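Here are the chains, one letter per residue:
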Amino acid sequence: MKKLFLVAMTFVGFVTFSTAQEIADNAIGLRLGDSDGVGPGINYQRALGDNNRLELDLGWRDGSDYNAFKLAGLYQWVWNLDGNFNWYAGAGGGIGSVKINNAPSGIDDSETFIFAAGDVGIEYNFDIPLLLSLDFRPEIGFGNDDFDTNDLDFDIALSIRYQF
């Protein structure tokens, strides 16, 4: 019985370590999604271990009707699918701000809000230092109902990053 247990533990250890995916120490690039009207953003990832990382996103929009920014931080776990394909999942949150440019005078035309977010996606790690990913990020906002930030939003984005 002891031998069977040792063989099983060795097999589990081998499978665990053979599917572990090393991720780049750092990656920086662009995240191109709708971000609930906030727009594209700069994206940075920092490895915290062999298969987990921190992701920071700064999205912004500067238009004639409104200006907005959103800063998000997510903790992610990364698993290898096959070859250079990985999938990941994570959770986090952030802060944002919206300012309406053409609001009538005397009306408060800005808001700061916070949000909680989840993240799930798939990525391809090229043989060159390039990472391409597609992710789905549900977010729930906590803010003023006047600006539609106090609701559940879904964001799908394509990201391209340089790894170093």
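Rules and cut-offs
- Residues numbered from 1 in each chain as written.
- Predicted model: local features only at pLDDT ≥ 70, side-chain atom pairs only at ≥ 80, totals over all residues.
- Heavy atoms only, no water.
- Pairing = 2+ DSSP bridges.
- Helix = DSSP H or I, 4+ residues; strand = E, 2+ residues; numbered from the N terminus.
- Core = buried A, V, L, I, M, F, W, Y, C linked by side-chain atoms within 4.5 Å.
- Buried < 20%, exposed > 50% of the residue type's maximum accessible area, 1.4 Å probe, protein only.
- Contact = heavy atoms within 4.5 Å.
- pLDDT = per-residue confidence, 0-100.
- Axes fitted to C-alpha atoms, helices over the stretch in contact; angles between N-to-C directions.
- Polar contact = N/O pair within 3.5 Å; in protein donor to acceptor, adjacent residues only side chain to side chain.
- 1 Å grid on protein atoms, 1.4 Å probe; cavity = no way out; pocket = protein on both sides within 12 Å on 5 of 7 lines; lining within 4 Å.
- Points joined across faces, edges and corners; volume = space filled by probe spheres on them.

K.L.:
Got a sec to walk through the pairing of strand β1 (residues 26–33)? Specific residues and values, please.
P.N.:
Sheet faces and side chains relate simply in a regular strand, where the side chains alternate between the two faces. Where β1 lies against strand β2 (residues 41–47), 6 bridges are found, and the strand directions are antiparallel. For Asn26, the partnering residue across the bridge sits in β2 and is Arg46. Relative to strand β8 (residues 152–163), β1 runs antiparallel, the two being bridged by 7 bridges. What sits directly across from Arg31, in β8, is Ser159.

K.L.:
Could you give me a rundown of the nonpolar core, with the residues and numbers involved?
P.N.:
Grouped together as the largest cluster of nonpolar side chains are 8 residues: Val38, Ala68, Ala72, Leu74, Val98, Phe113, Phe115 and Ala117. Among the elements of the structure, β4 (66–82) and β6 (110–125) are those that each provide at least two residues to this core. Once you skip the residues sitting within four places of it in the chain, Val38 turns out to touch Gly59, Trp60, Arg61, Ala68, Phe69 and Lys70.

K.L.:
I'd like to hear about the environment of Tyr88, residue by residue, with values.
P.N.:
In this structure, Tyr88 sits in strand β5 (residues 85–100). Along the primary structure Tyr88 and Asp135 are separated by 47 residues, whereas in three dimensions their C-alpha atoms are 8.8 Å apart.

K.L.:
Help me get a handle on the confidence of the model for the protein, residues and values and all.
P.N.:
Looking at the protein, pLDDT values average 83 and 78% of them are 70 or higher. Within the protein, the lowest mean pLDDT, 49, falls on helix α1 (residues 2–18), and the highest, 96, falls on β2. Of the regions scoring below 50 in pLDDT, residues 11–20 engages in 1 contact with residues more than four places distant in sequence or in other chains.

K.L.:
Explain the sheet that holds β4 to me, and be specific about the residues and the numbers.
P.N.:
Pairing is antiparallel around the closed barrel formed by 8 strands, whose spatial order is β1-β2-β3-β4-β5-β6-β7-β8. Adjacent strand axes in the sheet meet at a mean angle of 25 degrees, parallel and antiparallel pairs treated alike. Pairing between β5 and β6: 15 bridges, direction antiparallel. Residue pairing for β6: Lys99 is matched across the bridge by Ser110.

K.L.:
Kindly report on the side chain of Ser159, identifying the contributing residues and their values.
P.N.:
Within the secondary structure layout, Ser159 lies in strand β8. Ser159 sits in the buried class, given a relative accessible area of 1%. Side-chain polar atoms of Ser159 contact the side chain of Arg161, separated by 3.4 Å. Non-local contacts of Ser159, meaning those with residues more than four positions away in its chain, are made with Leu30, Arg31, Leu131, Leu132 and Ser133.

K.L.:
Give me the lowdown on empty space enclosed by the protein, citing residues and values where you can.
P.N.:
Scanning all chains against the criterion turns up 2 cavities of 30 Å³ or more. Approximately 80 Å³ is the volume found for the second largest cavity. Around the second largest cavity, the lining is made up of 14 residues, and of these Ile23, Ala24, Gln45, Arg53 and Gln163 lie nearest the centre. Looking at the lining of the second largest cavity, the elements with two or more residues in it are β1, β2 and β6.

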